[in-house]
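Structural characterization, general
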Amino acid sequence: MFAGGIAKARRERATRITTYVVVSAAALALLISTDWPRVFDKLLNPEIAAAQFPEILTIAARNTLIFTALGFAGGFVIALTMALARISSVKAYRVFAGWYIEIFRGLPLLLTIILIGQGLPLAIPVFRGIPIFWRGVIALAVVTGAYMAETIRAGIEAVPPGQMEAGRSLGMTRAQTMGFIILPQAIRVIIPPLTNEFVLLIKDTSLISVLGVTVATKELTRWGRDGVIEFANATPLVVAGIIYLALTIPLTFVARRMEGGKGR
Amino acid sequence: MTKVIEIRDLYKSFGDLEVLKGIDFSVDRGEVVSVIGPSGSGKSTLLRCVNQLEESTSGQIKIEGYDTADPDCDMDRVRAKVGMVFQHFNLFAHLSVLENLTIAQRKVLRRSDEEAHEIAHRNMEKVGLLDKIDAYPNTLSGGQKQRVAIARALSMDPDMMLFDEPTSALDPELVGEVLAVMRTLAEEGMTIVAVTHEMEFARYVSDRVVFMDDGVIVEEGPPSEVLVNPQNARTKKFLQMILGD
Ligand SMILES: Nc1ncnc2c1ncn2[C@@H]1O[C@H](COP(=O)(O)OP(=O)(O)OP(=O)(O)O)[C@@H](O)[C@H]1O
Ligand SMILES: [Mg+2]
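Every chain begins its residue count from 1, and numbering advances along the sequence as written. Chain labels run from A onward and ligand labels from 1 onward, assigned in the order the entries are written. In keeping with the model being predicted, local features are shown solely for residues with a pLDDT of at least 70 and side-chain atom pairs are shown and tallied solely at 80 or more, while totals for entire chains, interfaces and linings include all residues. Excluded from the side-chain calculations are hydrogens and water; all other atoms, namely the structure's heavy atoms, are used.

Quick look at the sheet that holds strand S7 (residues 160-164) of chain B now. Residue and element names in this part refer to chain B. One bridge is not enough; two strands pair if DSSP finds at least two bridges between them. A run of H or I in DSSP becomes a helix once it reaches four residues, and a run of E becomes a strand once it reaches two; helices and strands are each numbered from the N terminus. Spatially, S6-S7-S8-S3-S9-S10 is the arrangement adopted by the 6 strands of the open sheet, whose pairing is mixed. Single-partner strands in this sheet number two, and they are strand S6 (82-85) and strand S10 (216-221). Averaged over neighbouring strand pairs, the angle between their axes works out to 20 degrees when direction is ignored. As judged from the 5 bridges shared by S7 and strand S8 (residues 191-195), these two strands associate in the parallel manner. When the sheet's bridge partners are listed, Leu-162 is paired in S8 with Val-193. Contacting S6 and S7, helix H5 (residues 142-154) runs over the sheet at an angle of about 170 degrees to S6. Helix axes are fitted only over the stretch in contact, all axes being lines through C-alpha atoms; the angle between N-to-C directions runs from 0 to 180 degrees. Note on contacts: a residue pair is in contact if any heavy atoms of the two residues lie within 4.5 Å.

Quick look at the structure:
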């Protein structure tokens, strides 16, 4: 029995070594066959990278953050409204919020952006008065609001029902108890998932350039892509990517720390 | 003299489940009433109907002479005047003890900060926890939490206090401090309705004991009669069970 175990361990080690040798050989072949000067020139060209600055920060990254912040703020208001509607005692509100959430979580974001940004103005002329910039923001808010609504509702439901009863028994109205007692406790639960939602939104702003942009409204991805075409070089896109990561990785880390901090 | 609580022919169902089946129950000012009965007999539901946390299915509930079914009756005012203490304390976890005691004073009674603080101090002193006024609920023992919950209810200057098994969630050694506060309130003339299995309280503090079973009041009267010499077979059986002899 023990002898068999040793033989098995030996076999496993042989397999592992073989795998390692094969993978290393393939990687080496790839490294040798690659035209490195060309890769550096087309992907990590220092001159082209330098030429992106400062506009990639002052225009593109700034727009990305503005879209994210406005979309998130609008989305939060929508989400709070939908979450409260979802737990309302009025059935019509519950049903409405339920459908809203299902529909906008079920559609691809790109479709919704085009629908709100281009479809609605065709169907309803007053929407043509809304600048393209704001149509994009509205589309982001509508969709992220649908996702955040479920997060906020879960946070509210995580607060023990006795808290509402205690507030009510002291004569506070439902609205007062919700505002002063339930939501402040729910916020603690929902901040980490909302931070993750914020990170998703930073990336999702890249989609709204399909509605068309001016030089002043380009966000990071569009900036990078236009740069690729202009310079016939991928470096602007790589720089844009690095800026995204500089935003998303720290935020994700913070969100994870907050989640971990709650004694999981 | 008006009754503080006057309930007539109260019915309450949850869906198909009929929980209260015709309750007549009234309480005089300054009276201390203990409600006893087996689990599921509807004791909590009765209290929750009194302060309108549950809507009754039919019947009449008058608080201080006001019919709660009257559309003119402000339910939130009624709740503010009926203090409620829960089995699980239900302190506001994100607020300090002081804030627990002042928030409803400020939001419901529109008291100034100073007035609310002063009343909070007075009530914390009454429950013997003035030194804990800046603490947060999660740093308190169960007995301390319950005394804070009592002080919180008292800070609204209630006309009566309802207690729903206030000591059931406590370790045995912490029961006494909560009962002592309840006894003080009773001696000061507070109107009290307490669902409790503390026979000492029912026997020696309350003026009247009400025995509920299966959604009806089976027997009621002075503790010396209901607890010592019960007339109804169900009361006898219940008392034998909880007294363990
Ligand atoms: N919100 C509710 N929805 C449905 N059923 C309920 C609800 N609240 C109470 N009940 C049911 O009503 C019955 C009476 O409950 P109640 O809490 O009033 O009993 P109780 O006498 O306080 O019992 P206990 O001593 O266990 O606290 C129980 O069968 C309970 O399951
Ligand atoms: Mg109960």
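Additional details are given in the paragraphs that follow.
What follows concerns the sheet that holds strand S2 (residues 17-27) of chain B. Residue and element names in this part refer to chain B. Pairing is antiparallel in the open sheet, where 4 strands are placed in the order S2-S1-S4-S5. Two strands bound the open sheet, and with one partner strand each, they are S2 and strand S5 (66-67). Bridge analysis of strand S4 (residues 58-63) against S5 gives 2 bridges, and the strand direction is antiparallel. Considered in S5, the bridge of Lys-62 is made with Asp-67.

On to a nonpolar patch on the surface, then. All names here are of chain A. The patches described consist of residues with a relative accessible area above 30% and no salt bridge, like charges being joined within 9 Å and nonpolar side chains (Val, Leu, Ile, Met, Phe, Trp, Tyr) within 5 Å. For accessible areas, the Shrake-Rupley method is used with a probe of radius 1.4 Å. Any residue's cover is judged against the shown protein chains and nothing else. Should a side-chain nitrogen of Lys or Arg be within 4 Å of a carboxyl oxygen of Asp or Glu, the pair is scored as a salt bridge. A cluster of nonpolar side chains, namely Leu-28, Leu-31, Ile-32, Trp-36, Phe-40, Leu-43 and Leu-44, defines an oily patch on the protein surface of about 690 Å² accessible area. Within the residue set of the nonpolar patch, elements represented by two or more residues are helix H1 (2-33) and helix H2 (36-43). Inspection of the secondary structure puts Leu-31 in helix H1.

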